[in-house]
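Residues per chain, in single letters:
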Amino acid sequence: DQEGSRLFDLICELPEYYPTRTEIALLKTRAADMAALMGPHCHLIEFGSGSSVKIRILLDALEIPAACTAVDISRDHLLASAEALAGEYPDVEVAAMCADYTRPFQVAAPKSHPDARRVGFFPGSTIGNFSPDDAAEFLSTAAKLLSGGDFLVGVDLKKDAKRLNAAYDDAQGVTAAFNLNLLTRINCELGGDFQMDGFAHQALFNETLGRIEMHLRSRRAQTVKIGGVSFDFAADETIHTENSYKYSIGEFQDLAACAGFNALHSWTDPEDLFSVHYLRAMV
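Keep in mind the model is a prediction, meaning the values are calculated, not measured.

Considering the arrangement of structural elements, one finds Arg118 in strand β4 (residues 118-122). Ignoring any residue separated from it by four or fewer positions in sequence, one finds Arg118 in contact with His43, Ile45, Val107, Ala108, Ala109, Leu145, Leu146, Ser147, Gly149 and Asp150.

This is the structure in structure tokens:
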């Protein structure tokens, strides 16, 4: 929702949360190389566009981009971002698509270049929120939407657990507020009666599964009702709200290959914190 979008934008600016600033720096450094692979008159499609900060880096580097379609589930945030983008790039055909990109959806071809080559953009390591099997399925579905085109994907790399844990449990408590906002939405939208002081944010790196896990831990034994249905929680029992899988370069390239993509190139930052992969659908 709108509050979740606001909190996520704040998360991206936190000192502990390295993915956003590292990926932005990497995109700025390598944008010309990426644009050369995309070619002129391409149709950029950003999955989970948010504030559309990173897509601007690519648009500035591209030679005469034909169109840009921003896809996001948060309608108000999406429309505001797309309107701003259209104002900044009057020569680019900008469209907004409110959709859950984990499910099939359609994107209209640009009027100016109906045959424009589609290039997907999926930054922010959001691919890590899928299980590996679901990530492969998502990539396969995206390849169909992109009509066999290309896909630029941001992927967080495996690293020290201490750094990972801090990135998902910041000192200011912004990530905690983002996680707890789920309970606020359940109360508002599903008739829940969660007490906000009854749950605490918890994040930890599961080294065996290679993922950060986010939980909401019950502070006490309690019963919560949602739409008239009761749910009993023991003290310290958790609601598992999110995963963020981390990959090595080779692991992600293998995953992409299983989904029908060739890995044309990958870039990493000097500290090997983050990677951006350029994939091309197999013919």
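Before going further, it helps to spend a moment on the nonpolar core. Counting residues in each nonpolar core, the largest one holds 30 residues, and the members touching the most others are Phe47, Phe122, Ile127, Phe138, Leu139, Phe151 and Phe252. Elements supplying a minimum of two residues to this core: β1 (43-47), α5 (132-145), β5 (150-156), α8 (249-258) and β12 (274-281). Per-element accounting of this core gives the leading share, seven residues, to α5. Leaving out residues up to four positions away in the same chain, Phe151 has contacts with Phe47, Gly120, Phe121, Phe122, Phe138, Leu139, Ala142, Leu146, Phe261, His277, Tyr278 and Leu279.

With that out of the way, let us pick up the pairing of strand β7 (residues 211-218). Of all the eight residues making up β7, seven are buried; the element is thus mostly covered by neighbouring parts of the structure. As paired elements, strand β6 (residues 199-206) and β7 share eight bridges and run antiparallel to each other. Opposite Phe199, over in β7, you have Ser218 as the bridge partner. Connecting β6 to the antiparallel partner β7 that follows it, the hairpin turn spans four residues, and Gly210 within it adopts a positive phi of roughly 65°.

When we look at a pair of aromatic rings, we describe it by the centre distance and by the angle of the planes. Here the structure, examined in full by the defined rule, presents 18 aromatic pairs. The interplanar angle of 75° and the centroid separation of 5.9 Å between the aromatic rings of Tyr17 and Tyr168 together place this pair among those described as edge-to-face. In this pair, Tyr17 is assigned in the loop between α1 (2-11) and α2 (18-38) and Tyr168 in the loop between α6 (161-167) and α7 (174-190), connecting sequence segments 151 residues apart. For the pair Tyr17 and Tyr168, a shared accessibility class is recorded, and that class is buried. Relative to Phe122, the ring of Phe47 has its centre 6.1 Å away and its plane inclined at 70°; by these criteria the two rings are edge-to-face. Here Phe47 is found in strand β1, whereas its partner Phe122 is found in strand β4, with 75 residues between them in sequence. Judged by relative accessible area, which is 0%, Phe122 ranks as buried. Within the aromatic cluster, the residues linked to one another by ring pairs are Phe47, Tyr101, Phe105, Phe122, Phe130, Phe138, Phe151 and Phe261.

Rules used in this analysis
Residues numbered from 1 in each chain as written. Predicted model: local features only at pLDDT ≥ 70, side-chain atom pairs only at ≥ 80, totals over all residues. Heavy atoms only, no water. Helix = DSSP H or I, 4+ residues; strand = E, 2+ residues; numbered from the N terminus. Contact = heavy atoms within 4.5 Å. Core = buried A, V, L, I, M, F, W, Y, C linked by side-chain atoms within 4.5 Å. Buried < 20%, exposed > 50% of the residue type's maximum accessible area, 1.4 Å probe, protein only. Pairing = 2+ DSSP bridges. Phe/Tyr/Trp six-rings, centres within 6.5 Å; stacked < 30°, edge-to-face > 60°.

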